[in-house]
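Chain residues, written in single-letter form:
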Amino acid sequence: MELRERGWEVIPLDVGNQVRRYNRQAEIKFQMTVYGLKEIGYQAISFGADDLRLSAMNLFAETAAMGDQSTPFVSANASILDPSAIPSFKVIELSSGKKIGVTSVIGADWQSKIPKQDVLLQDPVEALTKLDPELR
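Residues numbered from 1 in each chain as written. Predicted model: local features only at pLDDT ≥ 70, side-chain atom pairs only at ≥ 80, totals over all residues. Heavy atoms only, no water.

### As for the layout of surface pockets
At step 1: Looking at the largest pocket, its volume works out to about 250 Å³.
At step 2: Forming the boundary of the largest pocket are 15 residues, of which Ser-75, Ala-76, Pro-83, Ser-88 and Gln-122 lie nearest the centre.
At step 3: Where the lining of the largest pocket is concerned, the elements lending two or more residues are strand 3 (78–80), strand 6 (119–121) and helix 5 (124–135).
At step 4: It is helix 5 that contributes the most residues to the lining of the largest pocket, four residues altogether. (1 Å grid on protein atoms, 1.4 Å probe; cavity = no way out; pocket = protein on both sides within 12 Å on 5 of 7 lines; lining within 4 Å. Points joined across faces, edges and corners; volume = space filled by probe spheres on them. Helix = DSSP H or I, 4+ residues; strand = E, 2+ residues; numbered from the N terminus.)

### Some words on the pattern of salt bridges
At step 1: Evaluation of the coordinates by the stated rule reveals three salt bridges.
At step 2: Residues Asp-132 and Arg-136 are paired through a salt bridge, measuring 3.0 Å at the closest nitrogen-oxygen approach.
At step 3: Overall, the relative accessible area of 32% leaves Asp-132 in the partly exposed class. (Salt bridge = Lys/Arg side-chain N within 4 Å of Asp/Glu carboxyl O. Buried < 20%, exposed > 50% of the residue type's maximum accessible area, 1.4 Å probe, protein only.)

### Focus on the packing of aromatic side chains
At step 1: On inspection of all chains with the given rule, the structure shows two aromatic pairs.
At step 2: Geometrically, the ring pair formed by Phe-30 and Phe-73 is tilted, given 6.3 Å between the ring centres and 40 degrees between the ring planes. Separated by 43 residues along the polypeptide, Phe-30 in helix 2 (residues 24–39) and Phe-73 in the loop between helix 3 (56–63) and strand 3 bring together distant segments of the chain. When sorted by exposure, Phe-30 lands in the same class as Phe-73, which is buried.
At step 3: Over the aromatic face of Trp-110 sits the side chain of Lys-113, whose NZ or CZ is 5.0 Å from the ring centroid. (Phe/Tyr/Trp six-rings, centres within 6.5 Å; stacked < 30°, edge-to-face > 60°. Lys NZ or Arg CZ within 6 Å of the ring centre and 35° of its normal.)

### Some remarks on helix 3
At step 1: All of the buried residues in helix 3 are Ala-56, Leu-59, Phe-60, Glu-62 and Thr-63.
At step 2: The elements touched by buried residues of helix 3 are helix 2 and strand 3. (Contact = heavy atoms within 4.5 Å.)

### Examining helix 5
At step 1: For helix 5, which comprises twelve residues, the first-to-last C-alpha distance of 15 Å matches the rise-based estimate of 16 Å (1.5 Å per residue) to within 8%.
At step 2: Turning to helix 5, its buried residues are Pro-124, Ala-127 and Leu-131. Buried residues in helix 5, looked at end-on, bunch into an arc of 65 degrees, giving them a common side. Those residues of helix 5 that are exposed and angled more than 90 degrees off the buried face are Val-125, Glu-126, Thr-129, Lys-130 and Pro-133. (Expected span 1.5 Å × (residues − 1). Arc of directions from axis to C-beta.)

### Some points on unusual backbone geometry
At step 1: Backbone geometry places Asn-17, a non-glycine residue, at a positive phi of 60 degrees.
At step 2: By the secondary structure assignment, Asn-17 is in the loop between strand 1 (13–14) and helix 2.

### Quick notes on the confidence of the model for the chain
At step 1: Across the chain, pLDDT averages 89, with 99% of residues at or above 70.
At step 2: Per-element mean pLDDT across the chain ranges from 83 in helix 1 (residues 2–5) up to 96 in strand 2 (residues 44–45). (pLDDT = per-residue confidence, 0-100.)

### Structural notes on the environment of Ala-127
At step 1: Looking at the secondary structure, you find Ala-127 in helix 5.
At step 2: Ala-127 sits in the buried class, given a relative accessible area of 5%.
At step 3: In this structure the C-alpha to C-alpha distance between Ala-127 and Ser-75, which are 52 residues apart in sequence, comes to 9.4 Å.

Shown next, in the form of structure tokens:
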């Protein structure tokens with residue numbers, strides 16, 4: 001709030017890893033955290049490797065874009081169940097007219113800790129290379 005009072009344009013972003021355990025309580029915590037981040041206006045949210053270890057169905061329900069309802073989640077190289085459910089990037093336009101491109105990646109080292117069953121992962125370098133022209 002203090003930055004906004006000083007006239008700064010603030011863009012709330014989150015880098016993920018909302019959970020540390022993998023049980024029903026962690027799923028509820030993730031659900032409530034995502035709800036809170038959306039309510040207070042976070043513009044973009046990424047997945048952390050720990051987040052992607054939660055139940056794929058719950059993750060999908062909380063993070064996927066549905067119909068005309070968008071999602072603040074972005075990832076260049078990770079999605080759950082459906083590759084089109086999470087946008088690769090988001091462009092945020094400031095009131096000044098400037099645009100900021102935002103994406104996220106799950107690094108190769110972290111990918112080995114994620115169950116591959118329902119989480120679709122791509123090589124981070126390949127994903128960013130493919131996305132580069134679109135972001136420019």
